[in-house]
Amino acid sequence: MTFQIILLVALVAASAVAILAKDLLKSAIALAVASLILGIIFFRMGAPYAGVFEISVVAGLITVLFMLTIALTKQGGDVRESKTVKIVFPLFFIVFALIDIFVMRGILARIPALEGAAEAGTFGEVLWKERSFDLVGQLAVILAGVFAVLALFRKRDHHDN
Amino acid sequence: MIINEWVVYLLFAGAMFFLGLYCLLTMRNLIKLFIGIEIVGKGVSLVLLSTGWARRSIFLAQSLVVTYIVIEVCLVAVALAVIINLYRVNQSLDIRSLTRLKG
């Protein structure tokens, strides 16, 4: 559990760097590091498939997409953020952490028994048999995403001009 | 014992959620705002998986997280395409320039 807590602290730290870094490229790389740490946490929790997806897709593919966007929008990329954002951040974070700890201790007192029965079968059986309708939804979402990107980057016809 | 560890996960997931929300409320760069959304999503998937782990139904939680990741990729692709098109129109990534859009 100690190692897991170290990983969780590193996850929050990488996310904070992703938010507060001035350079967008550094933010994107910090986001990739956060996904990598989250993937390792998933592995250690006993969820290898979610970990593999998190590392390969989120840390790999999404980072590439972010970097492409940053490269394509380089000239307008330096938007001036207000200066108080970084100064006020530690204060807000400490206040939130205190509230968070207080609320979570309340949850701990409220929920005495959360033990469920151990699951039977394998991940594949659960995914393909119990949640097979989710896969239809996933396919629909992927198709919708492809068509949306195609529509957004459609070339203008000549008679439109 | 396992409930204690579950609460630790929830605590850190709450911190992730706070970070993303803070970014969404205070930043002005469109790409930064989207990074905030991603961080909120990471917090949510951590909650899903840790709850499944605490209830000993890790396979179900895993399939939900995989579904979420697939949807996240589509969301990122579409949103970044929208951001590039907005940049072409406005020549800026500032969220305040969107208030000029009319009609």
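For clarity, every value in this text was computed on a predicted model and none was experimentally measured. (Residues numbered from 1 in each chain as written. Chains lettered and ligands numbered in written order. Predicted model: local features only at pLDDT ≥ 70, side-chain atom pairs only at ≥ 80, totals over all residues.)

**Here we look at the overall build of chain B**
Then, in step 1: Along the backbone of chain B there are three helices and zero strands.
Then, in step 2: Moving toward the C terminus, one meets the helices and strands of chain B in the order α-α-α.
Then, in step 3: Compactness check: chain B gives a C-alpha radius of gyration of 17 Å against a globular reference of 13 Å for 103 residues, more than 25% above the reference.
Then, in step 4: Considering only C-alpha atoms, chain B reaches an extent of 55 × 25 × 20 Å along its principal axes.
Then, in step 5: Expressed as a percentage of the 103 residues in chain B, the buried residues total 47%.
Then, in step 6: Within chain B, residue pairs in contact and separated by at least 24 positions form 45% of the contacts whose partners lie at least 6 positions apart. (Helix = DSSP H or I, 4+ residues; strand = E, 2+ residues; numbered from the N terminus. Rg over C-alpha atoms; globule rule 2.2 N^0.38 Å. Buried ≥ 20, exposed ≤ 12 C-beta atoms within 10 Å, placed from the backbone. Contact = placed C-beta atoms within 7 Å.)

**Digging into the overall build of chain A**
Then, in step 1: Helix and strand content of chain A: six helices and zero strands.
Then, in step 2: The burial tally for chain A puts 22% of its 161 residues in the buried class.

**Quick look at the confidence of the model for chain B**
Residues and elements named next belong to chain B.
Then, in step 1: Summing up the model confidence of chain B, the mean pLDDT is 87 and the portion of residues at 70 or higher is 94%.
Then, in step 2: Helix 1 (residues 2–26) is the least confidently modelled element of chain B, averaging 86 in pLDDT, while helix 2 (residues 30–54) averages 91, the highest of any element.
Then, in step 3: Across the predicted assembly, pTM comes out at 0.87 and ipTM at 0.90. (pLDDT = per-residue confidence, 0-100.)

**A closer look at the domain arrangement of chain A**
For an interface, size is often stated in terms of accessible area lost upon the parts coming together.
Then, in step 1: Taken domain by domain, chain A comprises domain 1 (1–74) and domain 2 (123–161).
Then, in step 2: Inter-centroid distance (C-alpha atoms) of domain 1 of chain A to domain 2 of chain A is 24 Å. (Domains from an automatic or database assignment.)

**Considerations on the environment of A:Glu81**
Then, in step 1: Within the secondary structure, A:Glu81 sits in the loop between helix 3 (48–72) and helix 4 (84–110).
Then, in step 2: With 16 C-beta atoms counted inside 10 Å, the residue A:Glu81 sits in the partly exposed group.
Then, in step 3: Sequence separation of A:Glu81 and A:Lys22 is 59 residues, and the distance between their C-alpha atoms is 9.0 Å.
Then, in step 4: If near-sequence neighbours (up to four positions away) are discounted, A:Glu81 is found in contact with B:Met27, B:Arg28 and B:Asn29.

**Observations regarding the interface of chain B and chain A**
Then, in step 1: In this complex, chain B contributes 61 residues to the contact, which on the side of chain A involves 64 residues.
Then, in step 2: Contributing elements (two or more residues each) for the side of chain B that touches chain A: helix 1, helix 2 and helix 3 (58–90) of chain B.
Then, in step 3: The element that contributes the greatest number of residues to the side of chain B that touches chain A is helix 3 of chain B, accounting for 24 residues.
Then, in step 4: In terms of residue class, the side of chain B that touches chain A is made up of 40 nonpolar, twelve polar and nine charged. (Nonpolar A, V, L, I, M, F, W, Y, C, P; charged D, E, K, R; others polar.)

**Observations concerning the nonpolar core**
Then, in step 1: With 60 residues, the main nonpolar core has A:Leu11, B:Met16, B:Leu19 and B:Leu49 as its most contacted residues.
Then, in step 2: Of all the secondary-structure elements, those providing two or more residues to this core are helix 1 (2–20), helix 2 (24–44), helix 3 and helix 5 (123–130) of chain A together with helix 1, helix 2 and helix 3 of chain B.
Then, in step 3: When residues no more than four places from it in sequence are discounted, the contact partners of B:Leu49 are A:Phe42, A:Met45, A:Ala47, A:Ala50, B:Ala61, B:Gln62 and B:Val65. (Core = buried A, V, L, I, M, F, W, Y, C linked by C-beta atoms within 7 Å.)

**Description of the packing of helix 1 of chain A against helix 2 of chain A**
All names here are of chain A.
Then, in step 1: Between helix 1 and helix 2, the shortest axis-to-axis distance is 8 Å and the interhelical angle comes to 160°. Relative to helix 2, the element helix 1 is oriented roughly antiparallel. With respect to the hand of their crossing, helix 1 and helix 2 are arranged in left-handed fashion. When helix 1 is examined against helix 2, the residues Gln4, Leu7, Leu8, Ala10, Leu11, Ala14, Ser15, Val17 and Ala18 are found in contact with a partner set consisting of Ser27, Ala30, Leu31, Val33, Ala34, Ile37, Leu38, Ile40, Ile41 and Arg44.
Then, in step 2: Of the residues belonging to the contact of helix 1 with helix 2, the class tally is 15 nonpolar, three polar and one charged. (Axes fitted to C-alpha atoms, helices over the stretch in contact; angles between N-to-C directions. Parallel < 35°, antiparallel > 145°, perpendicular 65-115°, else oblique. Left-handed = near helix turned anticlockwise from the far one by under 90°.)

**Describing the confidence of the model for chain A**
In low-pLDDT segments, the atomic positions of the prediction should not be examined closely.
Then, in step 1: The pLDDT averaged across chain A works out to 84; a share of 89% of its residues lies at or above 70.
Then, in step 2: Per-element confidence in chain A is highest for helix 2 of chain A, whose mean pLDDT is 93, and lowest for helix 5 of chain A, whose mean pLDDT is 78.

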